[in-house]
Amino acid sequence: METKLEILNRVYRTLAVDDEAMHYIIKAHELVTFKKGEIILPKNKTMDCYYILSSGIARSFIYKHNRADITTDFYIAGDIIIDMVSLFQQTPSEVCIEAISDLVCFKIKFDEFQKLHLQYPSYSDWGRNWMTQAFFKLRQRAIKMATQPASSRYADIRKNLPEVYRDVPLKYIASYLGMTNTSLSRLRSQKINSTSTV
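Residues numbered from 1 in each chain as written. Predicted model: local features only at pLDDT ≥ 70, side-chain atom pairs only at ≥ 80, totals over all residues. Heavy atoms only, no water.

Enquirer: Explanation requested: helix α6 (residues 150-160) in the structure shown.
Expert: Every α-helix carries 3.6 residues per turn, so stepping three or four residues along brings you back to the same face. By the burial criterion, the buried members of α6 are Arg153, Tyr154 and Ile157. The arc that holds the buried residues of α6, viewed along the axis, is 100°, so those residues lie on one side. (Buried < 20%, exposed > 50% of the residue type's maximum accessible area, 1.4 Å probe, protein only. Helix = DSSP H or I, 4+ residues; strand = E, 2+ residues; numbered from the N terminus. Arc of directions from axis to C-beta.)

Enquirer: Please explain the sheet that holds strand β4 (residues 58-63) as it appears in this structure.
Expert: Two strands in a sheet stick together by hydrogen bonds in their backbones, pointing the same way (parallel) or opposite ways (antiparallel). An order of β2-β7-β4-β5 is seen for the four strands of this open sheet, with the pairing classed as antiparallel. Two strands bound the open sheet, and with one partner strand each, they are β2 (39-41) and β5 (69-75). Across the sheet, the axes of successive neighbouring strands diverge by a mean angle of 35°, strand direction being ignored. Two elements, β4 and β5, share six bridges in a ladder whose sense is antiparallel. Residue pairing in the sheet places Ser60 in a bridge with Asp73 of β5. (Pairing = 2+ DSSP bridges. Axes fitted to C-alpha atoms, helices over the stretch in contact; angles between N-to-C directions.)

Enquirer: Any chance you could explain the nonpolar core here in plain terms?
Expert: Within soluble globular proteins, side chains that are nonpolar generally end up buried alongside one another. Ranked by size, the top nonpolar core spans 38 residues in total, and within it Tyr12, Ile40, Tyr50, Tyr51, Ile81, Leu103 and Tyr123 carry the most contacts. Here the element with the most residues in this core is strand β3 (residues 49-55); it accounts for five residues. Ignoring any residue separated from it by four or fewer positions in sequence, one finds Tyr12 in contact with Met22, Ile25, His29, Tyr50, Ile52, Tyr123 and Trp126. (Core = buried A, V, L, I, M, F, W, Y, C linked by side-chain atoms within 4.5 Å. Contact = heavy atoms within 4.5 Å.)

Enquirer: What is the right way to read the sheet that holds strand β6 (residues 80-81) from this model?
Expert: The four strands are arranged β1-β8-β3-β6 in an open sheet whose pairing can be described as antiparallel. Single-partner strands in this sheet number two, and they are β1 (30-34) and β6. Its contacts with the sheet put helix α1 (residues 4-11) on β3, β6 and β8 (103-109), and the angle it makes with β3 is roughly 115°.

Enquirer: It is not clear to me how the confidence of the model for the chain should be interpreted in this structure. Could you clarify?
Expert: Note: predicted coordinates in regions of low pLDDT should not be interpreted at a detailed level. Looking at the chain as a whole, its pLDDT mean stands at 90, while 96% of the residues score no less than 70. At the level of individual helices and strands, the chain shows its lowest average pLDDT in helix α9 (residues 181-196), which scores 72, and its highest in strand β7 (residues 96-99), which scores 98. (pLDDT = per-residue confidence, 0-100.)

Enquirer: Is there a simple way to think about the packing of α1 against helix α2 (residues 19-27) in this case?
Expert: The description of two helices packed together rests on the angle between their axes and the distance between the axes. Where α1 contacts α2, the two axes come as close as 11 Å, and the packing angle between them is 110°. Classed by the angle they form, the pair α1 and α2 counts as roughly perpendicular. Contact with α1, carried on its side by Lys4, Leu5, Leu8 and Asn9, involves Met22, Ile26 and Lys27 of α2 and no other residues of that element. Tallied by class, the residues present in the contact of α1 with α2 amount to four nonpolar, one polar and two charged. (Parallel < 35°, antiparallel > 145°, perpendicular 65-115°, else oblique. Nonpolar A, V, L, I, M, F, W, Y, C, P; charged D, E, K, R; others polar.)

Structural data, given as structure tokens:
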């Protein structure tokens, strides 16, 4: 597991600030932990911070009308756990965020974020760049959901999110891909069998 300095330097690597400013930014982040299954952000709560994930896996999800849930995103080490709408508009969240495994995170409160935003222009630039990348990722996911078969989307997870492929329960991956558990189990079995025959 990376140290606090290592993980924050990696996340903020594009920040153009001096050592003193970087020290202040890193100091603003507080170590927090969550247990497997713990709800980080419940529905209808306004998010008042964001988390930089140092170790573990989390997911965001929404509830359907029948109380079944649909996974909307996964978070792995180096990701920022956030509901952007809730945090930046200070409105109750429509999503929930849950720890899939034990988590180690570094939390920065919204008021500290605002202070850094005003004090360091480079921090504002970093935030805008990160948000642009987040929206691009969301757009690409929407396009893939509409145009790619389930097998391609599953292969994409296997290639680009090996931690999720390896450690996340199939039911969460299935709902993220828009599949039933049975369909994903069949697809996974086909992949394993085709690999074993090579």
